[in-house]
Amino acid sequence: MSTELKILFGGAAILGVSYGVTYKRAYSVLSRCKFAISKVFIDSIDNRGFVLGIKVKVTNPTNKELRVDNNNKLRFYINTYPVAYVRVPYEQFIKPEDDSEILLAVVGYWSDTNKWWNYLLNLSQTADLKVAGKIRVNGLSVPVPPLTICQYNITDIVNKIKNYN
């Protein structure tokens, strides 16, 4: 094997190991954080759809700061049905050994409303609202397993709608 080829393979191995270590650190810190919804609000509504704002309180027990990039691939689910996209509108930071608030935007389109109604009709008794996908942390794409945001009892929701004056 030529010297140039050895140098090329050595450089590729070093880059691969560096990426792996950085990825493992970011994933390790993110998996130790605790998440709680602090506020949900309507950000905008137009003829194409709507945007819900969700503020998430993140408690980071580690001494590492995380940068959450605005290039993400997250989906919002009702039970197992994807109904909207979740975006990080701008770069944000999760502070070390502190609480931080991260803003997420749930983007839904009116053209998907018929699908949502069918999903709701097919639900048994509860609606489990989840977010899952990939989020870019410190420049790396970290998988986000399905995280339950909240659960609703369908019967209670229908009764509240019926009794609303």
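Below is a summary of the structure that appears in this document. All residue numbers here refer to positions counted from 1 along the written sequence of the relevant chain. In keeping with the model being predicted, local features are shown solely for residues with a pLDDT of at least 70 and side-chain atom pairs are shown and tallied solely at 80 or more, while totals for entire chains, interfaces and linings include all residues. Derived side-chain values reflect all non-hydrogen atoms in the structure, with water molecules and hydrogen atoms excluded from consideration.

## Details of the overall build of the protein
Secondary structure elements are defined from DSSP: runs of H or I of at least 4 residues count as helices, runs of E of at least 2 residues count as strands, and each element is numbered from the N terminus. If you tally the helices and strands in the protein, you get three helices and nine strands. Helices (α) and strands (β) of the protein occur, in sequence order from the N terminus, as α-β-β-β-β-β-β-β-α-β-β-α. Residue exposure (1.4 Å probe, protein chains only): buried if accessible area is under 20% of the type maximum, exposed if over 50%, otherwise partly exposed. Within the protein, buried positions represent 29% of all 165 residues. In the protein, of all internal contacts separated by at least 6 residues, the share reaching a separation of at least 24 is 60%. All accessibility values rest on the Shrake-Rupley procedure with a 1.4 Å probe; residue burial counts only the protein chains present in the view. Carbon and sulfur atoms make up 57% of the accessible area of the protein, which amounts to about 11000 Å² in all. Any two residues whose heavy atoms approach within 4.5 Å are treated as being in contact.

## Observations regarding the pairing of strand E1 (residues 34-45)
For a regular strand, side-chain orientation follows a simple rule: the groups alternate between the two sheet faces. One ladder, built from 10 bridges, connects E1 with strand E2 (residues 49-60); its direction is antiparallel. Residue pairing in the sheet places Phe 35 in a bridge with Val 58 of E2. The antiparallel pairing of E1 with E2 creates a hairpin that spans three residues between the two strands. At least two bridges found by DSSP between two strands is the condition for calling them paired.

## Looking at a nonpolar patch on the surface
Residues Ile 42, Ile 45 and Trp 110 make up a contiguous nonpolar surface patch of about 330 Å² in total accessible area. Checked against the element boundaries, Ile 45 lands in strand E1. The exposed category is assigned to Ile 45, whose relative accessible area is 56%. Only residues whose relative accessible area exceeds 30% and that form no salt bridge are eligible for patches; like-charged ones are grouped when within 9 Å, while nonpolar side chains (Val, Leu, Ile, Met, Phe, Trp, Tyr) are grouped when within 5 Å. What makes a salt bridge here is a side-chain nitrogen of Lys or Arg within 4 Å of a carboxyl oxygen of Asp or Glu, nothing more.

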